[in-house]
Amino acid sequence: MKTLTVSLFLIVLAAILSPPAAAQVILQPMGIAPIIAGQTLTCGGAVSYVAAIPDIAMASPGVLLFRPDFFYLPPFIQWYIYTHECAHQYVGSNERAADCWAIQLGRDQGFLPPQAIQQICAFTFPNPGDWTHLPGPIRCAEMQMCYAHGQ
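Values in this document were obtained by computation on a predicted structure and should not be read as measured data.

Formed by 30 residues in total, the largest nonpolar core has its most connected members in Tyr80, Ile81, Ile103, Leu112 and Ile120. Going through the elements one at a time, strand E6 (63-66), helix H2 (75-91), helix H3 (95-109), helix H4 (114-124) and helix H5 (136-149) are the ones with two or more residues in this core. Apart from the residues lying within four places of it in its own chain, the contact partners of isoleucine 120 are Phe76, Ile77, Tyr80, Ile103, Leu112 and Met143.

Next up, the structure:
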């Protein structure tokens, strides 16, 4: 009886941990140093993938995920989003810190000039916000402050 209970537990556990084939995310590797809108970008040792995900981009430790439509955005927006997701490797899940880290890195490395902030704000401004992201106008104002003055 004990063996049957353990076997049944393992079968149920496997069913829970293995989603149906239709729900599995298929990853297309971009590698450790992907070319994003003509610019080679790196994020430590994090590996980038193209994936069918619910948001334009997501991050988890050591991994950056990008939805296919990410690549149709303007270059400054792609570079900002990539760097924002990379920032999560360093600042954790704090979205405000990831925004500031990304904006300052882009400013300091020269791939986000002042006009880039205007495009990024235009992209984020319509967003009403959610439980992790501030509403677009507030997010934009904070990114502008990070660009101009630091944190």
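Now that the structure has been shown, we can carry on.
Examined against the element boundaries, leucine 105 turns out to sit in helix H3. With 22 residues separating them in the primary sequence, leucine 105 and threonine 83 have C-alpha atoms 7.9 Å apart. Setting aside residues up to four positions removed in sequence, leucine 105 forms contacts with Thr83 and Phe111.

The sheet built from 4 strands is open, its strands ordered E1-E4-E6-E5 with mixed pairing. In this open sheet, the two edge strands, each paired with only one partner strand, are strand E1 (28-31) and strand E5 (57-60). Going from strand to strand, the sheet's axes swing by 25° on average, the running direction of each strand aside. Judged from the 4 bridges that link them, E5 and E6 form a sheet pairing that is antiparallel. Across the sheet, residue alanine 59 finds its bridge partner in E6, namely leucine 64. Packed onto the sheet, H2 meets strand E4 (47-50), E5 and E6 and runs at close to 150° relative to E6.

What follows concerns the state of the cysteines. All chains considered together, the criterion is met by 3 disulfides. Each sulfur of the disulfide joining cysteine 43 and cysteine 86 lies 2.1 Å from the other. Here cysteine 43 and cysteine 86 share a disulfide; its torsion about the S-S bond, 95°, makes the bridge right-handed. Taken together, the residues cysteine 43 in the loop between strand E3 (39-40) and E4 and cysteine 86 in helix H2 connect sequence positions 43 residues apart.

Glancing now at H2. Residues spaced three or four apart along an α-helix point in a common direction, a consequence of the helix completing one turn every 3.6 residues. Look at H2: 24 Å from first C-alpha to last across 17 residues, which is about the 24 Å you get at 1.5 Å a residue. Where burial is concerned, most of H2 is hidden: 13 out of the 17 residues are buried.

Turning our eyes to something else, we now look at the packing of aromatic side chains. The final tally for this structure, using the stated rule, is 6 aromatic pairs. Taking 4.9 Å as the distance between ring centres and 85° as the angle between the ring planes, the aromatic pair formed by phenylalanine 70 and phenylalanine 71 counts as edge-to-face. Taking relative accessible area as the criterion, phenylalanine 71 reaches 32% and is therefore assigned partly exposed. Plain terms: the ring middles of tryptophan 79 and phenylalanine 111 are 6.5 Å apart, the flat faces sit at 85° to each other, and that makes the pair edge-to-face. One end of the pair, tryptophan 79, is in helix H2; the other, phenylalanine 111, is in the loop between H3 and H4, with 32 residues separating them in the sequence. Taken together, the aromatic side chains of Phe66, Phe70, Phe71 and Tyr82 make up a single cluster linked through ring pairs.

Rules used in this analysis
Residues numbered from 1 in each chain as written. Predicted model: local features only at pLDDT ≥ 70, side-chain atom pairs only at ≥ 80, totals over all residues. Heavy atoms only, no water. Core = buried A, V, L, I, M, F, W, Y, C linked by side-chain atoms within 4.5 Å. Buried < 20%, exposed > 50% of the residue type's maximum accessible area, 1.4 Å probe, protein only. Helix = DSSP H or I, 4+ residues; strand = E, 2+ residues; numbered from the N terminus. Contact = heavy atoms within 4.5 Å. Pairing = 2+ DSSP bridges. Axes fitted to C-alpha atoms, helices over the stretch in contact; angles between N-to-C directions. Disulfide = S-S within 2.5 Å. Expected span 1.5 Å × (residues − 1). Phe/Tyr/Trp six-rings, centres within 6.5 Å; stacked < 30°, edge-to-face > 60°.

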